[in-house]
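What the coordinates show
Chain residues, written in single-letter form:
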Amino acid sequence: MEKIKPFVKWAGGKTQLIGQINQYLPTELTDGKINTYIEPFVGGGALLIEVLQKYDIETAIAFDINSDLINCYCVIKSNVEELIIELDKKEKKYKSLEEAKRKNYFYEIRNEYNSYVLQDNETNVKRASEFIFLNKTCFNGLYRVNSNNKFNVPFNNAKNPTICDSVNLRNLSKLIQNVKFYCGDYKQAKKFVNQNTFIYFDPPYRPLNATSAFTSYTKEDFNDDDQQNLGNFYKELSLKGAKLMLSN
């Protein structure tokens, strides 16, 4: 099987840092003593993918507050062939157009994406295809929303983007069949944690300065109070005997 990679580009994604992160994984994971792996801020899922490919994990659980991101994971898990059909249509249409018309097509998809929202616990192939299309064709692959929860990243004019990576999507679908995905706050992970659990936290970071600020993955920012609360939660789980890692 080819090396599986995240299906979207995600701000703060860890694909380029996997080698460094691997050096600090708990020995209990590498020794097979960890039976549950949890990511409370899954994002692009680079470490989730790495762990699932390398270690024998009985239970893997991933959370994210971004309902559209979780919808994509659920669609890839359960309806990957339908998703590939939708993405392939979008890619062929996009690449058949001249530059100006590509831009118009991008904004048509963005407007459609912003015209409706997912219902609770809904799995929607069409919306997943729009989410991935926008990620592959918007500026720098960002996911950013405004205070009204509308996706507002502009067009990138990518010359030859791979919008439908069918091989990777099928491989990823097989890999995550036993992963449980939940849309929700990181604190929901608590009920799954025991001494045989490894948890990797990758929250939105506190910006070093005003110009580097980027926490708009949802309409609610992750502020300093949230960072403090997360630190307290981390300590609480440590007292339960879980193995923990946090990037910040």
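This text follows the structure it describes.
Residues numbered from 1 in each chain as written. Predicted model: local features only at pLDDT ≥ 70, side-chain atom pairs only at ≥ 80, totals over all residues. Heavy atoms only, no water.

1. Let's talk about helix 8 (residues 166–175)
- Of all the positions in helix 8, only N168, L169, N171, L172, S173 and L175 are classed as buried.
- Contacts from the buried residues of helix 8 go to helix 3 (46–54), helix 4 (67–78) and helix 5 (80–96). (Buried < 20%, exposed > 50% of the residue type's maximum accessible area, 1.4 Å probe, protein only. Helix = DSSP H or I, 4+ residues; strand = E, 2+ residues; numbered from the N terminus. Contact = heavy atoms within 4.5 Å.)

2. Structural notes on the side chain of R102
- As for its placement among the helices and strands, R102 is situated in helix 6 (residues 99–114).
- Although R102 is buried, it forms no salt bridge, and the closest oppositely charged side chain is E99 at an N-O distance of 7.8 Å.
- Within the structure, the side chain of R102 is placed 3.0 Å from the backbone oxygen of Y94, a separation counted as a polar contact.
- Every residue in contact with R102, bar those within four places of it in the chain, is listed here: Y94, K95, L97, F155, A158 and K159. (Lys, Arg positive; Asp, Glu negative; His and termini not counted. Salt bridge = Lys/Arg side-chain N within 4 Å of Asp/Glu carboxyl O. Polar contact = N/O pair within 3.5 Å; in protein donor to acceptor, adjacent residues only side chain to side chain.)

3. Regarding the packing of helix 5 against helix 7 (residues 125–137)
- Close contact between helix 5 and helix 7 brings their axes to 9 Å; oriented N to C, the two are set at 40 degrees. Between helix 5 and helix 7, the interaxial angle falls into the category oblique. Remark: the crossing between helix 5 and helix 7 carries right-handed chirality. The residues of helix 7 that touch helix 5, namely those facing E82, L83, E86, L87, K90 and Y94, are V125, A128, S129, E130, I132, F133 and T137.
- Its residues assigned to classes, the contact of helix 5 with helix 7 shows seven nonpolar, two polar and four charged. (Axes fitted to C-alpha atoms, helices over the stretch in contact; angles between N-to-C directions. Parallel < 35°, antiparallel > 145°, perpendicular 65-115°, else oblique. Left-handed = near helix turned anticlockwise from the far one by under 90°. Nonpolar A, V, L, I, M, F, W, Y, C, P; charged D, E, K, R; others polar.)

4. Some points on the environment of N35
- Mapped onto the elements, N35 comes out in the loop between helix 2 (27–30) and strand 1 (36–39).
- Spatially, the C-alpha atoms of N35 and Q16 are 26 Å apart, while their sequence positions differ by 19 residues.
- Excluding residues that lie within four positions of it along the chain, N35 makes contacts with I57, E58, T59 and N196.
- Among the polar contacts made by the side chain of N35, one reaches the side chain of T36 at a distance of 3.0 Å.

5. Brief notes about the environment of N121
- As for its position among the elements, N121 is in the loop between helix 6 and helix 7.
- Between the alpha carbons of N121 and C183 there is a distance of 8.2 Å; along the sequence they are 62 residues apart.

6. Some words on the sheet that holds strand 2 (residues 59–64)
- With respect to topology, five strands assemble into an open sheet ordered 3-2-1-4-5, the strand pairing being parallel. Each edge of the open sheet is held by one strand with a lone partner, namely strand 3 (179–183) and strand 5 (243–246). On average, adjacent strands in this sheet sit at an angle of 15 degrees to one another, irrespective of strand direction.
- Strand direction decides the pairing type here: strand 2 and strand 3, joined by five bridges, are parallel. Within strand 3, the position partnered with A62 by the bridge is F181.
- Here helix 3 sits on the sheet and contacts strand 1, strand 2, strand 3 and strand 4 (197–201); the angle it forms with strand 1, its principal contact strand, is near 165 degrees.
- Of the strands in this sheet, strand 2 and strand 3 touch helix 4, which is tilted by about 155 degrees from strand 3. (Pairing = 2+ DSSP bridges.)

7. Considering the layout of surface pockets
- The computed volume of the second largest pocket comes to approximately 490 Å³.
- Around the second largest pocket, the lining is made up of 24 residues, and of these S67, L118, Q119, N121 and C183 lie nearest the centre.
- Broken down by secondary-structure element, the contributors of at least two residues to the lining of the second largest pocket are helix 4, helix 6 and strand 3.
- Ranked by the residues each element gives to the lining of the second largest pocket, the list is headed by helix 4, at five residues. (1 Å grid on protein atoms, 1.4 Å probe; cavity = no way out; pocket = protein on both sides within 12 Å on 5 of 7 lines; lining within 4 Å. Points joined across faces, edges and corners; volume = space filled by probe spheres on them.)

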